[in-house]
Amino acid sequence: HGGAGLWISDDMLGEIMNDFRAGASYAYHLRAGRDLWFNAGLTASLIWRGIKSGSVIMPGDIDPFGGITGGSSEYYGSSGTVLFDLGTGVSFATGDWYGGLSVMHLTQPSMSDDNRERDRVRRLYSLTAGTMIRTGNGSFSLSPSAMVMSQGNTVTAFLGTEAEYRNLFFGI
């Protein structure tokens, strides 16, 4: 069996830049044994990034005696840039263990109008794993987890755990 979803995000980056994203995701869940599951997913998205031209103040828009006058001869269009992006991942779960690997930004879209290499979104690789450790009577459990992410020249690691004691949860 599987599942599908749609998502929309509209983010105003300051007063000028607009970053609108919309996409669809699908995941397939395969039971490969009594206590073994494999999952695979794909996400596809469109990204529209544009400048809210009415919020841009150019040097010609400023009168030293009258303040901001507007109507500069310089103009930035509001057409923006439309980009396509893909991501995928796989995971497994068996008993008290799980793990997964994902790759985002497969298309490595350039976030600039002129497709400069320095503005290209690098692929994001993520590797995660974790387990659950229970006490004999089941009233206490620890769920340690780890994740390593790599994008471009940056590698980030996360370590954490969640503790449960008689239906109270604590996390680090």
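Before reading further, recall that the structure is shown in the block above.
So, here is what we can say about the structure in this document. (Residues numbered from 1 in each chain as written. Predicted model: local features only at pLDDT ≥ 70, side-chain atom pairs only at ≥ 80, totals over all residues. Heavy atoms only, no water.)

### Comments concerning the overall build of the chain
Along the chain, the regular secondary structure elements total 0 helices and 12 strands. Listed N to C, the secondary structure of the chain is β-β-β-β-β-β-β-β-β-β-β-β in terms of helices and strands. Going through the 172 residues of the chain one by one, you find that 19% of them count as buried. In the chain, 42% of the contacts between residues at least 6 apart in sequence involve partners at least 24 apart. Surface summary for the chain: the accessible area is close to 11700 Å², and the carbon and sulfur share equals 61%. (Helix = DSSP H or I, 4+ residues; strand = E, 2+ residues; numbered from the N terminus. Buried < 20%, exposed > 50% of the residue type's maximum accessible area, 1.4 Å probe, protein only. Contact = heavy atoms within 4.5 Å. Areas by Shrake-Rupley, 256 points an atom, 1.4 Å probe, with all protein chains shown as cover.)

### Regarding the pairing of strand β7 (residues 97-104)
Sheet topology places strand β6 (residues 81-94) next to β7; 8 bridges connect them, and they run antiparallel. The residue bridging S91 from the neighbouring strand is G100, located in β7. If you look at the hairpin formed by β6 and β7, you'll find 2 residues sitting between the two strands, and G95 has a positive phi there, around 55°. The pairing of β7 with strand β8 (residues 124-131) spans 8 bridges and is antiparallel. In the sheet register, G99 faces β8, and the bridge partner there is A129. (Pairing = 2+ DSSP bridges.)

### Let's talk about the side chain of D19
Tracing the backbone through its elements, the reader meets D19 in strand β2 (residues 17-33). At 3.3 Å, the side chain of D19 forms a polar contact with the side chain of R49. Residue contacts for D19: discarding those within four places in its chain leaves S9, D10, D11, L13, I47, W48 and R49. (Polar contact = N/O pair within 3.5 Å; in protein donor to acceptor, adjacent residues only side chain to side chain.)

### Here's the deal with a nonpolar patch on the surface
A contiguous nonpolar surface patch, about 620 Å² in accessible area, is contributed by Y26, Y28, L30, F38, F92 and W97. Considering each element in turn, the nonpolar patch owes the most residues, 3 residues, to β2. Mapping Y26 onto the fold places it in strand β2. Judged by relative accessible area, Y26 falls into the partly exposed class, the value being 43%. (Patch = residues over 30% accessible without salt bridge, like charges linked within 9 Å, V, L, I, M, F, W, Y side chains within 5 Å. Salt bridge = Lys/Arg side-chain N within 4 Å of Asp/Glu carboxyl O.)

### Section: the environment of R166
With respect to the helices, strands and loops of the structure, R166 is situated in the loop between β11 (154-165) and β12 (168-171). Its relative accessible area of 59% is what places R166 among the exposed residues.

### Concerning unusual backbone geometry
One non-glycine residue, H105, lies in positive phi territory at about 60°. The phi dihedral of N167 falls on the positive side, at around 65°, and the residue is not glycine. Of the residues examined, N167 reaches a relative accessible area of 64% and is grouped as exposed.

### Focus: the pattern of salt bridges
If you walk through the whole model with that rule in mind, you get 3 salt bridges. For D19, the salt bridge identified is with R21, shortest N-O distance 3.2 Å. Of the residues examined, D19 reaches a relative accessible area of 6% and is grouped as buried. Relative accessible area serves as the criterion here: at 25%, R21 is assigned to the partly exposed category. Of the charged contacts, one joins D19 and R49 as a salt bridge, the two residues approaching to 3.3 Å between their closest N and O atoms. Within this pair, whereas D19 is found in strand β2, its partner R49 is found in strand β3 (residues 36-51), the two being separated by 30 residues in sequence. Each of D19, R21 and R49 takes part in one network of salt bridges that share partners.

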